[in-house]
Every structure is written in structure tokens, then in C-alpha cells.
Amino acid sequence: MKYSKSEKLVARELFELALYRDYEKLKSQIASLNIDEPHDIWELRDLLNRKSKEFDKKYDYRYSILDQLFAEFICEGLLSISELKDLSKDRQNYIKTIVDNMKKWRDL
């Protein structure tokens with residue numbers, strides 16, 4: 001399924017929203033750390049390096065993988081199914097199917 005012009009705009013907004021929420025989650029995680037000892041700084045550095053790699057891999061904006069990516073964002077709580085409302089009904093249903101399948105696989 002190709003993305004229409006209007007869907008491309010919506011998709012970019014959804015992508016940016018998930019990214020923002022993920023950054024906020026990381027900021028909360030960092031804020032909750034107790035950095036009392038010098039070695040804690042290196043643990044923070046390791047966390048940030050690991051998260052940087054995860055973000056680089058995860059936030060890949062290609063239309064060919066966006067439906068799968070949106071499903072992953074939903075499963076991670078970064079997006080909700082209701083936020084897909086401005087995408088076509090067919091695309092919404094397709095992403096919901098991916099989400100359902102992902103949940104089934106996680107339950108195995």
C-alpha cells in the first residue's frame with residue numbers, strides 16, 4: 001500500500017510524536033538515576049551510548065517499513081491505535097493486524 005500525500009504528512013507527525021515520547025521516556029529514566037559516585041557517570045555514558053544505537057536503529061523513516069514501525073510504537077506504548085485516525089481505514093486495519101500478530105508472538 002502506497003502512502004498518499006496526506007498520509008505522508010500524518011505519518012511524519014506520528015513518527016515525530018513517537019520519537020518525542022521516547023526521548024521523554026529516556027529523560028525520565030536519566031532523571032531517576034542516582035549519580036552519586038564517579039563510576040555512575042560512566043554507567044550513564046554506557047546507557048546513553050546504548051540508547052543512541054537503539055534510537056538510530058529504531059527510528060528509520062522509510063515508507064516501506066512505517067506500518068511495521070507504527071505497530072511497534074503501539075506495542076511499546078509510544079502511540080495509540082486511536083492516533084492513527086487520520087490514516088486511511090485500510091492502513092489502520094493493516095497496522096492493527098500487525099499489532100495483533102505481534103501480541104500473539106509475544107504471548108508464545
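Draft legend 1. Inspection of the overall build of the protein at higher detail. Along its length, the protein carries four helices and zero strands. Taken from N to C terminus, the helices and strands of the protein fall in the order α-α-α-α. By the compact-globule yardstick of 13 Å for 108 residues, the protein is too spread out, its C-alpha radius of gyration being 17 Å. Over its C-alpha atoms, taken along the principal directions, the protein stretches across nearly 55 × 35 × 20 Å. Here the contacts in the protein between residues at least 6 apart in sequence split such that 70% fall between residues at least 24 apart. Seen as two clouds, the 21 positive and the 21 negative side-chain charges of the protein have centres 6 Å apart.

Draft legend 2. Geometry of helix H4 (residues 89-107). Compared with an ideal rise of 1.5 Å per residue, which puts 19 residues at 27 Å, H4 spans 27 Å between its outermost C-alpha atoms and is within 8% of the ideal. Looking only at H4, the buried set comprises Arg91, Gln92, Ile95, Ile98, Val99 and Met102. One face of H4 carries all of its buried residues, which in axial projection span an arc of 125 degrees. Residues of H4 that are exposed and angled more than 90 degrees away from the buried face: Lys89, Asp90, Lys104 and Asp107. Lining the buried residues of H4 we find helix H1 (5-31) and helix H3 (66-75).

Draft legend 3. Inspection of the packing of aromatic side chains at higher detail. Tallied over the entire structure, the rule returns nine aromatic pairs. Where Phe15 meets Tyr59, the ring centres are 5.6 Å apart and the plane angle is 80 degrees; that geometry is what we call edge-to-face. With Phe15 in helix H1 and Tyr59 in the loop between helix H2 (38-58) and H3, this pair connects stretches of sequence that are 44 residues apart. Relative accessible area serves as the criterion here: at 4%, Phe15 is assigned to the buried category. For Tyr59, a relative accessible area of 11% translates into the label buried. With a centroid separation of 6.3 Å and 50 degrees between ring planes, the pair formed by Phe70 and Phe73 is classed as tilted. Here Phe70 and its partner Phe73 are both found in helix H3, three residues apart, which amounts to about one turn of the helix. Site record: aromatic cluster; members linked through ring pairs are Tyr3, Phe15, Tyr23, Phe55, Tyr59, Tyr61, Tyr63, Phe70 and Phe73. One residue, Lys8, lies across the ring of Tyr63, its end atom 5.1 Å from the ring centre.

Criteria and cut-off values
Residues numbered from 1 in each chain as written. Predicted model: local features only at pLDDT ≥ 70, side-chain atom pairs only at ≥ 80, totals over all residues. Heavy atoms only, no water. Helix = DSSP H or I, 4+ residues; strand = E, 2+ residues; numbered from the N terminus. Rg over C-alpha atoms; globule rule 2.2 N^0.38 Å. Contact = heavy atoms within 4.5 Å. Lys, Arg positive; Asp, Glu negative; His and termini not counted. Charge placed at Lys NZ, Arg CZ, Asp CG, Glu CD. Expected span 1.5 Å × (residues − 1). Buried < 20%, exposed > 50% of the residue type's maximum accessible area, 1.4 Å probe, protein only. Arc of directions from axis to C-beta. Phe/Tyr/Trp six-rings, centres within 6.5 Å; stacked < 30°, edge-to-face > 60°. Lys NZ or Arg CZ within 6 Å of the ring centre and 35° of its normal.

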